[in-house]
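A look at the structure
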Amino acid sequence: MWLSRFRALPRPLRMLVLASFINRAGMFVFPLLAVYLVRSRELSTGEAGVLISVGSTGLLAGSLLSGPVCARAGRRAALVSSLLLNAVGYLGLAVLDGPPWTYAALLFVALVGMGMFAPAANTLIADLAEPEQRPFAYTVSYIANNLGMGVGPLLGGLAAAYSYGLMFAGNIALGLLAALTIRLFVPADTGRDAATVPAPTGARRAELRRDLDVAVLVVVSFCYVAPLIGLEYTLPLAVTEVLASSVAVVGAVYTVNSVVVVGAGLLIEKRIKAYPTRTLLIVAGLLWSAGMAVLVFAFSLPAVLLSTVVWTLGEIIASVVVPTYIADHVEPRRVSGFMALNGFVLSSARLVVPMGLGFVWQAGGHRPVLLLLLLTPVVGVVAFAVLRVRPQARPVPEPAAPATARP
């Protein structure tokens, strides 16, 4: 029973899952930021787009900053700091009335906080969950985040319909509630980054090869992140402009995604341990490819919904397998840095993919964009088929105590 397995997790991890849900459910501002800048701050759509792109570099900075902060100040400090930075940035956006560049600067601060949170949370899970608990812990965390993302835009839209001030206040209040939850229930430092005795030269070389293998796998996982970010950009345009349908269909896509995550996430997690990492990543890529193929060859409203069901299954597998692989194969003192690299891959996709697909769409329409979204996970499947993927780490059993002679 998943509930008994959840209760078996360390209490700080259970509270981290709760805080992650609260934080995601409170993300009112980011999905509606362009609307706020255009309607409330009276910027043009072009100016709003540029400011959001510039400010979004904060996601990259936050992802890179998370590792050093986790290592030097502790996981709790990184998590709380990320939420406070996000609150400060959004507070400035809500109350300050300055030149346009100030909005980009304040958004940068807010998104540095957003970028720090996920790598720090994944590091804490690696610290406190036993190896056999990690796939379940990452799955539960992933489900909590997706549930929050399903609730947040809806609540944010309702708040914005009343006033943008309420939208910002709700985001800040729930972010601070998440910070308070972590501050009260997560230990100050998990003690995983303590100084260690230098390893012999041969052992250091083996560690370097292992770390390089893990780093390459994390970077190649971009092939599964890029389609997700690409769909966030492509689907609203394709549904409204190509299919001439209501934007409500886009909301249905997010609903289907959340339903599949909640309904299939725990079922998939139960079977993950039975298969090697390479097989899981290849299957994830094939599911992504199949979902994108539905859009390429049968683009319609039913195809959009069917595609969402299929690629979400691939998203679930990759989202659980990659952080688990990091936690299982990297020295504890370097886990935070590799989780930061994983966050950096996602953040870089958020900057590069919409811009690139926008140029492609402008030059050739929606079909080349969908084709690129199909080819990207195919490249990932090929890469994971040939890359060195280390076998599942297994705990070394302790030697049995010697039998004592009977008197």
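Residues numbered from 1 in each chain as written. Predicted model: local features only at pLDDT ≥ 70, side-chain atom pairs only at ≥ 80, totals over all residues. Heavy atoms only, no water.

1. Thoughts on the overall build of the protein chain
Rules: Only runs of H or I of at least four residues qualify as helices and only runs of E of at least two qualify as strands under DSSP, and these elements are numbered from the N terminus. Each residue is assigned to one of three classes by its accessible area relative to the maximum for its type, calculated with a 1.4 Å probe on protein chains only: buried under 20%, partly exposed between the two thresholds, exposed over 50%. Working rule for contacts: check all heavy atoms of both residues, and any pair within 4.5 Å makes them a contact. The method behind every accessible area is Shrake-Rupley, applied with a 1.4 Å probe, and residues are considered shielded solely by the protein chains displayed. Lys and Arg are tallied as positive, Asp and Glu as negative. Neither His nor the chain termini are counted. To locate a charge, take atom NZ for lysine, CZ for arginine, CG for aspartate or CD for glutamate.
Along its length, the protein chain carries 16 helices and zero strands. The proportion of buried residues among the 407 residues of the protein chain is 49%. Considering only intrachain contacts with a sequence separation of at least 6, the fraction spanning at least 24 residues in the protein chain is 85%. For the protein chain, the accessible area works out to roughly 18800 Å², and carbon and sulfur atoms hold 69% of it. If the 29 positive side-chain charges of the protein chain are averaged to one point and the 18 negative ones to another, these points end up 7 Å apart.

2. Quick look at a nonpolar patch on the surface
The condition that has to hold: A residue counts toward a patch only above 30% relative accessible area and without a salt bridge, and it is joined to like-charged neighbours within 9 Å or, for Val, Leu, Ile, Met, Phe, Trp and Tyr, to nonpolar neighbours within 5 Å. The term salt bridge refers to a side-chain nitrogen of Lys or Arg lying within 4 Å of a carboxyl oxygen of Asp or Glu.
Taken together, the side chains of Val-151, Leu-154, Leu-155 and Leu-158 define a hydrophobic patch exposed on the protein surface, amounting to about 350 Å² of accessible area. Mapping Leu-154 onto the fold places it in helix H8 (residues 134-162).

3. What about the environment of Tyr-254?
On the secondary structure map, Tyr-254 appears in helix H12 (residues 248-272). Judged by relative accessible area, which is 44%, Tyr-254 ranks as partly exposed. On a C-alpha basis, the gap between Tyr-254 and Leu-91 in space is 28 Å, while along the polypeptide they are 163 residues apart.

4. Describing the confidence of the model for the protein chain
This is how it is decided: Along the chain, pLDDT gives the predictor's confidence residue by residue, from 0 to 100.
In this model, the protein chain carries an average pLDDT of 86, and 91% of its residues clear a pLDDT of 70 or more. Segment residues 191-197 is flagged for pLDDT under 50; beyond a separation of four residues in sequence, or across chains, it makes twelve contacts in the model. Low confidence marks residues 394-407, where pLDDT is under 50. Its contacts with residues over four positions away, or in another chain, come to zero contacts.

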